[in-house]
Amino acid sequence: MSPTHLIRSSFLHCLEDPAKTGNTAVDYIADGTCRVQAGRIVNFGDSQSITPKDGERILDYRGKLIVPGFVDTHIHYPQVDVIASYGTQLLDWLEKYTFPCESRFHDPEVAAETAAFFLDELLNNGTTTALVFGTSHTASVEAFFKEAAARKLRMIAGKVMMDRNAPTTLTDTVQSSYDDSKALIERWHGKDRLGYAVTPRFAPTSTREQLDAAGKLLNEYPDVHLHTHLSENLKECEWVSTLFPDSEDYLAVYEQSGLVRKRSVFAHSIHLSDREWKSLSDNKASISHCAMSNLFIGSGLFNYAKAVKENVRVGLGTDVGGGDSFSLLRACNETYKVQQLQNQSVSPASLLYLATLGGANALDLDEHIGNFAIGKEADMVVLDEQATPLLARKANTHSNWEERLFTLLMLGDDRAVFDTLILGESLKHKTAPEHWG
Ligand code: GUN
Ligand code: ZN
């Protein structure tokens, strides 16, 4: 039997979706203890009922607030250096900044160095799982999975499939994209905590034949993910309708190749028809809402109330480098504001859900991660409500978890992440207090 250890702190997590059941979906334990064995939660409750056994190690975070590790449902690791690029909207942004940057990732050294930086930055921000775009080069995905495996992370990634409307340094072919994706699935999917996502970039950069090849891969490997962009920008939507005149709308382009199903994640999904909403719901597909990117590249306002009404699964994405931060706390802030602009106020509980269990659910990983249920993997974020003078000042006025949470979500960023725990172990990004019980 592998040894157990304890984590003591205040804990806050979601048991279900607060948009459906309200605040009873949230469990707050002011003084709680979590027992971890072999990376999984084996016991969780009040510190009065869970006490240390002889010699049991304790990670003592009293005074802090632990929430489940954040889940980023849409991000591009090769776009670290695209962050904060000035003055364009989607299609020009791709040509001017993104494609030139991604062209460097045929080089394994560039890929390895960037993947390492990227993963450390995710962890600094409390993000423990992400659905990640590589580039069209297999070297980019090899490097990413190697770095993720070395850190014992639960990550999903894939090679971009893109056979037209991009520089030749980035295009593949129907056959090579199929072969390369298949080889990567065989090599990495299901290894440790890693998973593969078939990743056609978006409809404009794939021929019908390539989208069909993506569909073939999903048929051959039903438990891999599908990861792409959908209806982000109005010019993009117009372009799709001229490229695929026989499809009744944007989502239909993907449906016709068998790409819309559970474990399919569509980033953005801003400009959708009622038919598209219904199809996403009926097919149990998911949306990654990327508020920071949608504001930064001026794409539009996502309709979260409609997603709730239509019962479509939603997670949050930072969409770095379209998004300008790795922080899911910042993503919650911008998600809140985008809904305020549409006269909707997303509750603090729902924001926490979107960043944790909702993201896990959108990726169909909620049996492994997303809250502190017994048996789940012990990936956690330790938040510090005293991290900045402003946070501390505001936190001191609070009387309940809801107010405390909302302040952290609105004012927090990587400075509020005191530590990140992977499989129950501290990364000691900041000094973790530790003692033996
Ligand atoms: N659509 C196609 N490619 C991209 C990308 O790299 N970023 C975003 N935000 N949208 C896209
Ligand atoms: Zn994106």
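Report follows, based on the coordinates. Everything numeric in this text was worked out from a predicted model, so none of it was measured.

Analysis parameters
- Residues numbered from 1 in each chain as written.
- Chains lettered and ligands numbered in written order.
- Predicted model: local features only at pLDDT ≥ 70, side-chain atom pairs only at ≥ 80, totals over all residues.
- Heavy atoms only, no water.
- Donors = N, O, S within 2.8 Å, 3.2 Å for Na, K, Ca; no water.
- Tetrahedral: all angles 85-135°; square planar, octahedral: opposite > 155°, others 65-115°.
- Buried < 20%, exposed > 50% of the residue type's maximum accessible area, 1.4 Å probe, protein only.
- Helix = DSSP H or I, 4+ residues; strand = E, 2+ residues; numbered from the N terminus.
- Pairing = 2+ DSSP bridges.
- Right-handed = clockwise from strand over helix to strand, strands pointing away.
- Contact = heavy atoms within 4.5 Å.
- Near = heavy atom within 4 Å.
- Polar contact = N/O pair within 3.5 Å; in protein donor to acceptor, adjacent residues only side chain to side chain.
- Areas by Shrake-Rupley, 256 points an atom, 1.4 Å probe, with all protein chains shown as cover.
- Phe/Tyr/Trp six-rings, centres within 6.5 Å; stacked < 30°, edge-to-face > 60°.
- Salt bridge = Lys/Arg side-chain N within 4 Å of Asp/Glu carboxyl O.
- Expected span 1.5 Å × (residues − 1).
- Bend = angle between axes of the 7 residues up to and from the residue.

1. Examining the coordination of the zinc ion (ligand 2)
1) Next: Coordination of the zinc ion (ligand 2) by the protein is provided by His 74 (NE2), His 76 (NE2), His 229 (NE2) and Asp 319 (OD), with metal-donor distances spanning 2.0 to 2.3 Å.
2) Next: Angles of 87 to 170 degrees at the metal separate the four donor atoms of the zinc ion (ligand 2), which places the site in the irregular class.
3) Next: Each donor residue of the zinc ion (ligand 2) belongs to the same chain, with the gaps between them written as H-x1-H-x152-H-x89-D. The pair formed by His 74 and His 76 is uniform in burial state, with each residue classed as buried.

2. Focus on the pairing of strand β10 (residues 225-230)
1) Next: Counting buried residues along β10, six of its six residues qualify, which places the element largely inside the surrounding structure.
2) Next: Residues His 225, His 227 and His 229 line one face of β10 and the alternating positions Leu 226, Thr 228 and Leu 230 line the opposite face, and both faces are buried.
3) Next: Here two bridges tie strand β9 (residues 194-200) to β10, and the two strands are oriented parallel to one another. The residue of β10 that forms the bridge with Val 198 is Leu 226.
4) Next: Assessed by its sense of winding, the connection that carries the chain from β9 through helix α6 (residues 208-220) to β10 is right-handed.
5) Next: Here β10 runs beside strand β11 (residues 264-268); their pairing, made up of five bridges, is parallel. Bridge assignment links Leu 230 to a residue of β11, and that residue is His 268.

3. Details of the environment of Gln 37
1) Next: For Gln 37, the location among the structural elements is in strand β2 (residues 26-37).
2) Next: Looking at Gln 37, the relative accessible area reads 17%, which means it is buried.
3) Next: With 323 residues separating them in the primary sequence, Gln 37 and Ala 360 have C-alpha atoms 21 Å apart.
4) Next: For Gln 37, the contacting residues outside a window of four places in its chain are Met 1, Ser 2, Pro 3, Thr 4 and Val 42.

4. A few points about the site of ligand 1
1) Next: His 76, Gln 79, Leu 90, Trp 93, Leu 94, Arg 201, Phe 202, His 229, Glu 232, His 268 and Asp 319 make up every residue found near ligand 1.
2) Next: A distance of 2.7 Å separates a nitrogen atom of ligand 1 from a polar side-chain atom of Glu 232.
3) Next: Within the side chain of Asp 319, an N or O atom sits 2.7 Å from a nitrogen atom of ligand 1.
4) Next: Protein contact buries 100% of the 280 Å² of open area that ligand 1 shows by itself.
5) Next: With three residues, the top contributor of residues to the shell around ligand 1 is helix α2 (residues 90-102).

5. A word on the packing of aromatic side chains
1) Next: On inspection of all chains with the given rule, the structure shows 15 aromatic pairs.
2) Next: The interplanar angle of 55 degrees and the centroid separation of 5.4 Å between the aromatic rings of Phe 44 and Phe 372 together place this pair among those described as tilted. A residue pair is termed long-range when its members are at least 10 positions apart, and Phe 44 in strand β3 (residues 40-46) and Phe 372 in the loop between α14 (357-362) and β14 (380-383) qualify at 328 residues. Phe 372 matches Phe 44 in its accessibility class, with the two residues each being buried.
3) Next: Site record: aromatic cluster; members linked through ring pairs are Tyr 77, Phe 105, Phe 118, Phe 144, Phe 145, Trp 188 and Phe 326.

6. With respect to the pattern of salt bridges
1) Next: Summed over all chains, the structure comprises 28 salt bridges.
2) Next: We note a salt bridge from Lys 306 to Asp 274, for which the minimum N-O separation is 3.0 Å. With Lys 306 in helix α11 (residues 304-309) and Asp 274 in helix α9 (residues 274-282), this residue pair connects regions lying 32 residues apart in the sequence.
3) Next: The class of Lys 306 is buried, set by a relative accessible area of 16%.

7. Considering unusual backbone geometry
1) Next: A cis geometry characterises the amide bond from Val 320 onward to Gly 321, with omega recorded as 5 degrees.
2) Next: Mapped onto the secondary structure, Gly 321 falls in the loop between β13 (313-316) and α12 (328-340).
3) Next: Positive phi outside glycine occurs at Asn 165, with the angle close to 55 degrees.
4) Next: Summarising the element assignment, Asn 165 is placed in the loop between β8 (160-161) and α5 (174-188).

8. Concerning the side chain of Arg 263
1) Next: Tracing the backbone shows Arg 263 in the loop between α8 (250-255) and β11.
2) Next: For Arg 263, a relative accessible area of 16% translates into the label buried.
3) Next: Residues in contact with Arg 263, not counting those within four places in the same chain, are Asp 223, Val 224, His 225, Leu 226, Lys 284, Leu 363 and Asp 364.

9. Structural notes on α2
1) Next: Its 13 residues give α2 an end-to-end C-alpha distance of only 15 Å, which falls more than 12% under 18 Å, the value for a rise of 1.5 Å per residue.
2) Next: Maximum bend of α2: about 35 degrees, positioned at Lys 96, with proline Pro 100 one to four residues after it.
3) Next: Taken as a whole, α2 has its buried residues at Leu 90, Trp 93, Leu 94, Thr 98, Phe 99, Cys 101 and Glu 102.
4) Next: Here the buried face of α2 lies against β5 (70-76) and α7 (234-243).

10. Examining the pairing of β9
1) Next: Of all the seven residues making up β9, seven are buried; the element is thus mostly covered by neighbouring parts of the structure.
2) Next: Because side chains alternate across β9, one face comprises the buried residues Leu 194, Tyr 196, Val 198 and Pro 200, and the other comprises Gly 195, Ala 197 and Thr 199, equally buried.
3) Next: Direction of pairing for β8 relative to β9: parallel, over a ladder of two bridges. Looking at the pairing, Met 161 lines up with Pro 200 of β9.
4) Next: Each parallel crossover has a hand, and for β8 linked through α5 to β9 it is right-handed.

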